[in-house]
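# Observations on chain architecture
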Amino acid sequence: MAEIRKVMVIGAGQMGSGIAQVAAEAGLQVVLNDIQDEFIQRGLAVIRKNLQRAVDKGRMGQEEMAAVLGRIETSCQLDAGSDADIAIEAATENMDIKLGIFRKLDELMKGDAILASNTSSLPITEIAAVTRRPEQVIGMHFMNPVPVMKLVEVIRGLATSDAVYTAVHELAEKMGKTAVEVNDFPGFVSNRVLLPMINEAIYCVYEGVATPEAIDEVMKLGMNHPMGPLTLADFIGLDTCLAIMEVLYEGFRDSKYRPCPLLRKYVKAGWLGKKSGRGFYVYNN
Ligand SMILES: NC(=O)c1ccc[n+]([C@@H]2O[C@H](COP(=O)([O-])OP(=O)(O)OC[C@H]3O[C@@H](n4cnc5c(N)ncnc54)[C@H](O)[C@@H]3O)[C@@H](O)[C@H]2O)c1
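Residues numbered from 1 in each chain as written. Predicted model: local features only at pLDDT ≥ 70, side-chain atom pairs only at ≥ 80, totals over all residues. Heavy atoms only, no water.

## Here's the deal with the UniProt feature "domain: 3-hydroxyacyl-CoA dehydrogenase NAD binding" (unreviewed entry) in the chain
The condition is simple: UniProt positions are given in the numbering used here, feature names are shortened, and annotations may be inferred rather than shown by experiment. Helix numbering and strand numbering both begin at the N terminus, where a helix is a DSSP run of H or I of at least 4 residues and a strand a DSSP run of E of at least 2.
In the numbering used here, UniProt assigns the feature "domain: 3-hydroxyacyl-CoA dehydrogenase NAD binding" (unreviewed entry) to residues 6–184. The span residues 6–184 carries 41% helix and 22% strand; its end-to-end C-alpha distance comes to 26 Å.

Here it is, written out as structure tokens:
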């Protein structure tokens, strides 16, 4: 496969802006896309802030910061990146939105371009099936915050070719990450292991086994976790946690993945964690 030099990132939110930043820092040309310029500008502001922090700490020169920013082009039109070697989609976690984007990318992008999704839980094989190039579709699951977290889960869809897997593995390493190969099953590895633990911690609150503070303390001090599961759930967003548990429950039809009723109740109440100011803990955002 030809070397990847140009990347189109679709979605300039939390994840997309981070992906655009690390790609540009790795020397790649980037086209950052979103549906409105306002969202792109918000993503760019986060990138500028992160880079400025690196400059202030002496980890990056001012000139290098300008060069990194200079490699990021922006557009609300997907065809601005039609000559890119890979598209990394990081739009809202909604199957209809993603299928629409992949259909368009398949039309617009050059024939040998790779189409990757940063989805946390949606099936790569199903996304690949709406394109005429399923062997060039792959999952590239970055962790949040992208500039900090080392892991990229690289998810092979049923049809993903070895050459495409290798190219994406190498790209992740070039972006300073460690790539881990995973097959396409609900929740991949990260969320299949993490979310049932979080859900079980919520059951412990629900059944009155212990308070959220006590549960987090047990997991931090006893298991050496840097953050307790309920604090982590609040950071991820309880709506996102519920959505991923639903994907696991639907995907495996195994009762061990049933979402805790208390999780459903909190989401219905609008207690979504840190972003809404209240979850298992109260935040003054
Ligand atoms: N937040 C996390 O911790 C995390 C971690 C790993 C993976 N992910 C995945 O990354 C993806 C993005 O999540 P996020 O947290 O950055 O969400 P976000 O809400 O911060 O950003 C999503 C962006 O996508 C844009 N968007 C929506 N439809 C679009 C379209 N048709 N074309 C272009 N842009 C569009 C939105 O305007 C928004 O700016 C999701 O698939 C999510 O599951 C999230």
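Still more to cover.
## Things to note about the pattern of salt bridges
Test applied: Each reported salt bridge corresponds to a side-chain nitrogen of Lys or Arg within 4 Å of a carboxyl oxygen of Asp or Glu. Think of it in three bands: residues with accessible area under 20% of the maximum for their type are buried, residues over 50% are exposed, and the middle band is partly exposed, with areas taken using a 1.4 Å probe on protein chains only.
In the structure shown here, the tally under the stated rule is 14 salt bridges. As a salt-bridge pair, Glu-3 and Lys-174 come within 3.4 Å of each other at their nearest N and O atoms. Highlighted residues: Glu-3 in the segment before β1 (6–10) and Lys-174 in helix α6 (residues 162–174), separated in sequence by 171 residues. In this structure, the salt-bridge partner of Asp-162 is Arg-156, at a minimum N-O distance of 3.1 Å. By relative accessible area, Asp-162 is classed as exposed at 53%. Exposure remark for Arg-156: the relative accessible area of 16% places this residue in the buried category. Where salt bridges share partners, they join Glu-3, Arg-5 and Lys-174 into one cluster.

## Side note on the pairing of strand β5 (residues 114–117)
What counts here: For two strands to be treated as a pair, DSSP must find at least two bridges joining them. With strands facing away from the observer, any crossover in which the path from the first strand over the helix to the second runs clockwise is taken as right-handed.
Residues Ile-114 and Ala-116 line one face of β5 and the alternating positions Leu-115 and Ser-117 line the opposite face, and both faces are buried. Both strand β4 (residues 86–89) and β5 contribute to a ladder of 4 bridges, which runs parallel. Residue pairing in the sheet places Ile-88 in a bridge with Ala-116 of β5. Note that the unit made of β4, helix α4 (residues 95–108) and β5 has a crossover that is right-handed.

## Description of the UniProt feature "site: Important for catalytic activity" (unreviewed entry) in the chain
Which entries qualify depends on this criterion: Residue contacts are counted whenever heavy atoms from the two residues lie within 4.5 Å of one another.
According to UniProt, the "site: Important for catalytic activity" (unreviewed entry) feature falls on His-141. Its location among the elements puts His-141 in strand β6 (residues 137–142). With residues near it in sequence (within four places) discarded, His-141 still touches Ser-117, Asn-118, Thr-119, Ser-120, Leu-151, Val-152, Glu-153, Ile-155, Phe-188, Ser-190 and Asn-191.

## Examining the site of the ligand
So the rule is basically this: We call a residue near a molecule or strand when any one of its heavy atoms sits within 4 Å of it. Throughout this description, a polar contact denotes any pair of N or O atoms lying within 3.5 Å of each other; where both atoms belong to protein, one of them has to be capable of donating a hydrogen while the other can accept it, and for residues adjacent in sequence the pair is counted only when both atoms sit in side chains. Accessibility throughout is a Shrake-Rupley quantity obtained with a 1.4 Å probe, and a residue counts as covered only by protein chains that appear here.
Taken together, 22 residues lie near the ligand, and Met-15, Asp-34, Glu-93, Lys-98 and Ser-120 sit nearest. The contact in question runs from an oxygen atom of the ligand to an N or O atom on the backbone of Met-15, over 2.8 Å. Between the ligand and Glu-93, the relevant distance is 2.5 Å, taken from an oxygen atom to a side-chain nitrogen or oxygen of the residue. Taken by itself the ligand offers 830 Å² of open surface, and the protein chains cover 79% of this. At the level of secondary structure, the elements contributing two or more residues to the shell around the ligand comprise α1 (14–25), α4 and β6.

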